[in-house]
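# Structural overview for review
If you want the building blocks of each chain, they are given just below.
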Amino acid sequence: MDHFIYRNGTLYAEDVPLSEIAANVGTPFYVYSTATLQRHYQVFDEALAGMDHLVCYAMKANSNMAVLRIMADLGAGMDVVSGGEYARAITAGVPGEKIVFSGVGKTRAEMHAALTQGIRQFNVESEPEMRVLNEVALELGKVAPIAVRVNPDVDAKTHAKIATGKSENKFGIPISKARAVYAEAAAMEGLEVVGIDVHIGSQLTDLAPYEAAFSKVADLTRELRADGHDIRRLDLGGGLGIPYTRSNEAPPLPMEYGDVIRRTLGDLGCEIEIEPGRLIAGNAGLLVTSVIYRKEGEGRDFLIVDAAMNDLVRPAMYDAHHDIVPVAEPAPGAEQHPVDIVGPVCETGDTFAKQRDLPMLQAGDLVAFRSAGAYGAVMASEYNTRPLIPEVLVNGDQFAVVRPRPTYEDMINRDTIPDWMT
Ligand code: LLP
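Note that the coordinates shown come from a computational prediction; the quantities given were computed from them, not determined experimentally.

With that settled, the discussion passes to the site of the ligand. The environment of the ligand is made up of 18 residues, and the closest members are Ser202, Glu275, Arg278, Arg314 and Tyr375. Contacts to the ligand include Gly277, whose backbone N or O atom sits 2.9 Å from an oxygen atom. Here a nitrogen atom of the ligand sits 2.8 Å away from a polar atom, N or O, in the side chain of Tyr318. Isolated, the ligand exposes 590 Å² of accessible area, and the fraction of that covered by the protein chains is 91%. Class assignment of the residues belonging to the shell around the ligand gives a composition of six nonpolar, six polar and six charged. Here the shell around the ligand gathers at least three residues from each of two domains, domain 1 (4–31 + 282–412) and domain 2 (103–274).

What follows covers the sheet that holds strand 3 (residues 16–17). Across the sheet, which stays open at both edges, the three strands sit in the order 1-2-3 with antiparallel pairing between neighbours. Looking along the sheet, the strands with just one partner apiece sit at the ends: strand 1 (6–7) and strand 3. Where strand 2 (residues 10–13) and strand 3 come together, two bridges link them in antiparallel fashion. Looking at strand 3, one finds that Tyr12 is bridged to Pro17.

So, about the packing of helix 8 (residues 208–226) against helix 9 (residues 254–265). Two elements in contact, helix 8 and helix 9, have axes whose closest approach is 9 Å; the angle formed by their N-to-C orientations is 30°. Judged by the inter-axis angle, helix 8 sits roughly parallel to helix 9. Remark: the crossing between helix 8 and helix 9 carries right-handed chirality. For the pair helix 8 and helix 9, contact is made by Tyr210, Glu211, Phe214, Ser215, Val217 and Ala218 and by Tyr257, Val260, Ile261, Arg263, Thr264 and Leu265, respectively.

The next subject is the pattern of salt bridges. The tally for this structure, following the rule as stated, stands at 25 salt bridges. Asp15 is the salt-bridge partner of Arg7, the closest N and O atoms lying 2.7 Å from each other. Residue Glu192 pairs with Arg232 through a salt bridge whose shortest N-O separation is 2.8 Å. Of this pair, Glu192 sits in strand 11 (residues 191–197) while Arg232 sits in the loop between helix 8 and strand 12 (233–235), and the two are 40 residues apart along the sequence.

Quick notes on the rules
- Residues numbered from 1 in each chain as written.
- Predicted model: local features only at pLDDT ≥ 70, side-chain atom pairs only at ≥ 80, totals over all residues.
- Heavy atoms only, no water.
- Near = heavy atom within 4 Å.
- Polar contact = N/O pair within 3.5 Å; in protein donor to acceptor, adjacent residues only side chain to side chain.
- Areas by Shrake-Rupley, 256 points an atom, 1.4 Å probe, with all protein chains shown as cover.
- Nonpolar A, V, L, I, M, F, W, Y, C, P; charged D, E, K, R; others polar.
- Domains from an automatic or database assignment.
- Pairing = 2+ DSSP bridges.
- Helix = DSSP H or I, 4+ residues; strand = E, 2+ residues; numbered from the N terminus.
- Axes fitted to C-alpha atoms, helices over the stretch in contact; angles between N-to-C directions.
- Parallel < 35°, antiparallel > 145°, perpendicular 65-115°, else oblique.
- Left-handed = near helix turned anticlockwise from the far one by under 90°.
- Contact = heavy atoms within 4.5 Å.
- Salt bridge = Lys/Arg side-chain N within 4 Å of Asp/Glu carboxyl O.

The structure is reproduced here in structure tokens:
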């Protein structure tokens, strides 16, 4: 069920008309649906029913504190990739024993913070990192629980910039080297091997690469156990894709993904961890923007909106498609016209969509970009000194600004002038 639907001729987020939010907070803004976030967490939880498991929300997709609180209140674990994300998880009330620390370049300071405040496990990505973690743990008189991220050399069949499971990618250690690396880890007093980690990419729309990767992990589990390692946890990463278009895409459901896990790994008696991000947050959020101008170019029309590539970078960065819909519901049979939807930033890359059929929209009209709840606000910047846009959370008929728009002064005053200039 979708919580962004037309009612009485206008688009709603749950029980709140988007036009009401626009009138209150101004455009552009992100808006998230609590009910959708909760439901998406629950479908993963249910998909793994019957297996000992923990759903660790990959907060890189959307790390707004209010979103994290929703996840924490549901009992979710968190997958973090930086000291900053770790601090957010702790602040949201997630206990250290539910936080998994991923990422290829963890620093000593990040390891120190997590070891002191509590951590479920570090997903170690290289031998040098493993040795540093051992040192930091010994310095603190602690033992760091680890899983080694293995790279299974599987093609995830997704966009090249977000595929991570091929041997040419920077992630993990080659699965062929795993036994040697685990032997080295077992000999380190500051480390305790607890499991294996794998993540092959993001926006996967086919289960076959998962099946291939998980089968390799199953074989490796048996081998490592035979070598004497106590492999009791398998972290399977995230990556399940979402429909970005309403018409022709139907990625596999979390239930089917759960069945692949059960089939490939279910008999090993391991606790299963997954790290979904996009599927939880992506279709739980919209970006709402206003048309500033409709410009008639030569042979094509442009809709210049008040959101830009700095607010939602996915189209510019990955040629990503986001459905774009008018907030006022078009009359049935209303005439559609192809337009390019662009932002005000001075780059041709600041193009959200080309030749999209939309009703005749005019300056002041509101449009919504769908599927913008994941990798939207978190990837925004203040390029062109455009303030980060506000984030709004809806819950039933209530809404609240969960990150306000900074003022120009806020932005300007973050910079300081050195003494020698004053
Ligand atoms: N775990 C690890 C180790 C990851 O690297 C990622 C995503 C996830 C979990 C979550 O994957 P998800 O379930 O969200 O697919 N900015 C890009 C996506 C980058 C994904 C990076 N890693 C985009 O906008 O498409």
